[in-house]
Amino acid sequence: MMKDVHNSGTAEDPNGHLYDPALRTSLHAFARGGDILPLEAAAAVRSAAQALDRLRSHGAGGRGLSAGALDILTRLATAEDRDRGLSVGELARAAGVSSRNVTGLVDTLERDHLVRRAQDPDDRRSVRVLLTVEGEAWLDAFRQPTQRAMSAVFRGFTPEELAAFRHLCLRLVANQHLIEQHLNAGR
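Note that this is a predicted model, so its numbers are computed, not measured.

**What about the pairing of strand β4 (residues 115-120)?**
Part 1 of the argument: Strand direction decides the pairing type here: β4 and strand β5 (residues 123-131), joined by six bridges, are antiparallel. Within the sheet, the bridge partner assigned to Gln 119 lies in β5 and is Val 127.
Part 2 of the argument: Taking the residues that link successive antiparallel strands as the turn, the β4-β5 hairpin has two residues.

Written as structure tokens, this is what we have:
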């Protein structure tokens, strides 16, 4: 239900804050008199994330790289020892996802010749993931359009607003992690 009603248009409340009137109407019916502000905020975060993801996908030049695959490429490009690369486990820990998820992403990136696997010279049981020349070229081509797009998306935001926005988003992530830990503790 809520998936289809967000992004239908915005209006300003008396405090000058944007909101989606159609979504607000739907949420009032859904919440049956309960507080809808957290629900509206969650829908706004979801809409913003989807808009940024559409922009990222467009900037990926039809390559179809997911946000997770892009994260792996950037982590490999900024690895302390790029010639050594990173293990699947290191990539998974850094991204906060499972090794299984990273393995699937690395499979896709390897198929596209953006990364390669190499045996760890210090541990024969371990495999390292390295950025290829093609992967580095892809990142170079992606970098400037992405920087321009993000500058355009956040046009008019002050540095203080951007810092506050980042802070609030990361607080959401931290709260979600706490909830997840609580839910997993009961298993």
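**Observations concerning the packing of helix α5 (residues 88-95) against helix α6 (residues 99-111)**
Part 1 of the argument: It is at 8 Å that the axes of α5 and α6 come closest, and there the two elements cross at 110°. Relative to α6, α5 is oriented roughly perpendicular. In the packing of α5 onto α6, the handedness of the crossing is right-handed. Within the contact between the two elements, α5 uses Val 88, Gly 89, Leu 91 and Ala 92 and α6 uses Ser 99, Val 102 and Thr 103.
Part 2 of the argument: The class makeup of the residues in the contact of α5 with α6 is four nonpolar, three polar and no charged.

**A few points about the nonpolar core**
Part 1 of the argument: Formed by 22 residues in total, the largest nonpolar core has its most connected members in Leu 73, Leu 76, Leu 109 and Trp 138.
Part 2 of the argument: Elements with a contribution of two residues or more to this core: α4 (67-77), α5, α6, β5 and α7 (133-153).
Part 3 of the argument: The leading source of residues in this core is α4, at six residues.
Part 4 of the argument: Beyond its immediate stretch of four places on either side in the chain, Leu 76 contacts Arg 82, Leu 86, Leu 91, Val 115, Val 129, Leu 130 and Leu 131.

**Brief notes about α6**
Part 1 of the argument: The terminal C-alpha atoms of α6 lie 18 Å apart, and with 13 residues this matches the ideal 18 Å at 1.5 Å per residue to within 8%.
Part 2 of the argument: Among all positions of α6, only Val 102, Val 106 and Leu 109 are buried. All buried residues of α6 project into a common sector of 60° when viewed along the axis, lining one side. In α6, the exposed positions angled more than 90 degrees off the buried face are occupied by Arg 100 and Arg 111.
Part 3 of the argument: Buried residues in α6 make contact with α4, α5, β4 and β5.
Part 4 of the argument: Phi turns positive one or two residues past the end of α6, at His 113, with a value near 65°.

**Concerning the packing of aromatic side chains**
Part 1 of the argument: On inspection of all chains with the given rule, the structure shows three aromatic pairs.
Part 2 of the argument: A ring pair is formed by Trp 138 and Phe 142, whose centres lie 4.8 Å apart and whose planes are at 15°; its orientation type is stacked. Of this pair, Trp 138 and Phe 142 both sit in helix α7, four residues apart, roughly one helical turn. In this structure, Trp 138 and Phe 142 share a single accessibility class: buried.
Part 3 of the argument: An angle of 55° between the planes, with centres 6.0 Å apart, marks the rings of Phe 154 and Phe 165 as tilted. Here the residue Phe 154 occupies a position in the loop between α7 and α8 (159-185), and Phe 165 occupies one in helix α8, the gap between them amounting to eleven residues.
Part 4 of the argument: In this structure an aromatic cluster arises from ring pairing among Phe 154, Phe 157 and Phe 165.
Part 5 of the argument: The cationic tip of Arg 24 hangs over the ring face of Tyr 19; the distance from NZ or CZ to the ring centre is 3.8 Å.

**Comments concerning the pattern of salt bridges**
Part 1 of the argument: On inspection of all chains with the given rule, the structure shows twelve salt bridges.
Part 2 of the argument: For Arg 128, the salt bridge is made with Asp 120, and the minimal N-O distance between the two is 3.8 Å.
Part 3 of the argument: What makes Asp 120 buried here is its relative accessible area of 5%.

The rules behind each value
- Residues numbered from 1 in each chain as written.
- Predicted model: local features only at pLDDT ≥ 70, side-chain atom pairs only at ≥ 80, totals over all residues.
- Heavy atoms only, no water.
- Pairing = 2+ DSSP bridges.
- Helix = DSSP H or I, 4+ residues; strand = E, 2+ residues; numbered from the N terminus.
- Axes fitted to C-alpha atoms, helices over the stretch in contact; angles between N-to-C directions.
- Parallel < 35°, antiparallel > 145°, perpendicular 65-115°, else oblique.
- Left-handed = near helix turned anticlockwise from the far one by under 90°.
- Contact = heavy atoms within 4.5 Å.
- Nonpolar A, V, L, I, M, F, W, Y, C, P; charged D, E, K, R; others polar.
- Core = buried A, V, L, I, M, F, W, Y, C linked by side-chain atoms within 4.5 Å.
- Buried < 20%, exposed > 50% of the residue type's maximum accessible area, 1.4 Å probe, protein only.
- Expected span 1.5 Å × (residues − 1).
- Arc of directions from axis to C-beta.
- Phe/Tyr/Trp six-rings, centres within 6.5 Å; stacked < 30°, edge-to-face > 60°.
- Lys NZ or Arg CZ within 6 Å of the ring centre and 35° of its normal.
- Salt bridge = Lys/Arg side-chain N within 4 Å of Asp/Glu carboxyl O.

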